[in-house]
Amino acid sequence: MKQVEQAPCPSWYADNEWNVGISGIYAANVNGDGDFRNYFQNDDPWNDGFGGAIDVKYFFRRYFGFGVQGAGLQVQTNNDVPRILPLSPGSGRFGDSGDDKSAWSVLGTFTVRYPIPCSRFAPFAWVGAGAYFHDSHDNSVIGNVILNDDRDDEGVFIGQVGAGLEIRVTPHVGWTNDVSFNLVESGGKHDFLQVRTGVNFAF
């Protein structure tokens, strides 16, 4: 009797692999508390933002990789009804007049993934840390009332933890979906959830 050997499984993920991912972002602030310095919106704890991200990673083993992530968001900072905040006796400060602002981040990341044997699927998880920035607002004064809040462009620390799934269409092109929790320096009021979907190119 002749024994038939099974063909080896195709290799969808490799060691020493460069990955470049491009994705769209939906983000939602989870700790809004009415503080006018919230980066998303002054008084809505579940306000959202949209944007995009690019990830560059090097997997020195198919299971482990280091990378750099850059992301940008268009976030709302408007109030439906401007608020008066005490400034000094006989005066007040209004909340934002109503427009969208930008926020962006740069992080270093470490990723662990597990390519499921003989399949196109690879669940992954990662941690990251870096800097988070946002647009400034200019003050405008009418009489003894200051309109809008002045915010610095100075970056603050951001930590990130997330998990997702990649599905390889070919050994060099994959579809990725992930969700992450982002901890922004400032006592937690600016922390946000981030959901991404995009395309990953492997070389």
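All values reported here derive from a predicted model rather than from experimental measurement.

Draft legend 1. Here's a closer look at the packing of aromatic side chains. Summed over the entire model, instances satisfying the criterion amount to 10 aromatic pairs. When the ring of F64 is compared with that of F110, the centres are 6.4 Å apart and the planes differ by 10°; the resulting orientation is stacked. Here F64, found in strand β3 (residues 64-76), pairs with F110, found in strand β6 (residues 100-113); they are 46 residues apart in sequence, far enough to count as distant. Using a relative accessible area of 30% as the deciding quantity, one classes F110 as partly exposed. An angle of 15° between the planes, with centres 6.1 Å apart, marks the rings of W104 and F133 as stacked.

Draft legend 2. View of a nonpolar patch on the surface. A grouping of W18, I22, I54, V56, V199, F201 and F203 is seen on the molecular surface, where their side chains present a nonpolar patch of about 650 Å² in accessible area. Mapped by element, the contributors of at least two residues to the nonpolar patch are β1 (17-29), β2 (48-61) and β12 (192-202). Mapping F203 onto the fold places it in the segment after β12. Relative accessible area serves as the criterion here: at 62%, F203 is assigned to the exposed category.

Draft legend 3. Main features of the state of the cysteines. Applying the stated rule across the entire model yields one disulfide. Disulfide partner of C9: C118, at an S-S distance of 1.7 Å. Measuring handedness by torsion sign, the sulfur bridge of C9 and C118 sits at about 65° and is right-handed. You can see C9 sitting in the segment before β1 and its partner C118 sitting in the loop between β6 and β7 (121-134), a full 109 residues away along the chain.

Draft legend 4. Representation of the nonpolar core in the model. Counting 13 residues, the largest nonpolar core has I25, A27, L73, Y132, I158, V184 and F192 as the members making the most contacts within it. Elements that contribute at least two residues to this core include exactly β1, β3, β6 and β10 (156-170). Of the residues forming this core, the biggest block, three residues, is contributed by β3.

Draft legend 5. Just unusual backbone geometry, in detail. Phi at N16 takes a positive value of approximately 50°, unusual for a residue other than glycine. With respect to the helices, strands and loops of the structure, N16 is situated in the segment before β1. Residue classification places N16 among the partly exposed positions, given a relative accessible area of 48%. Positive phi is not limited to glycine here, since C118 has a value of about 60°.

The rules we used
Residues numbered from 1 in each chain as written. Predicted model: local features only at pLDDT ≥ 70, side-chain atom pairs only at ≥ 80, totals over all residues. Heavy atoms only, no water. Phe/Tyr/Trp six-rings, centres within 6.5 Å; stacked < 30°, edge-to-face > 60°. Helix = DSSP H or I, 4+ residues; strand = E, 2+ residues; numbered from the N terminus. Buried < 20%, exposed > 50% of the residue type's maximum accessible area, 1.4 Å probe, protein only. Patch = residues over 30% accessible without salt bridge, like charges linked within 9 Å, V, L, I, M, F, W, Y side chains within 5 Å. Areas by Shrake-Rupley, 256 points an atom, 1.4 Å probe, with all protein chains shown as cover. Salt bridge = Lys/Arg side-chain N within 4 Å of Asp/Glu carboxyl O. Disulfide = S-S within 2.5 Å. Core = buried A, V, L, I, M, F, W, Y, C linked by side-chain atoms within 4.5 Å.

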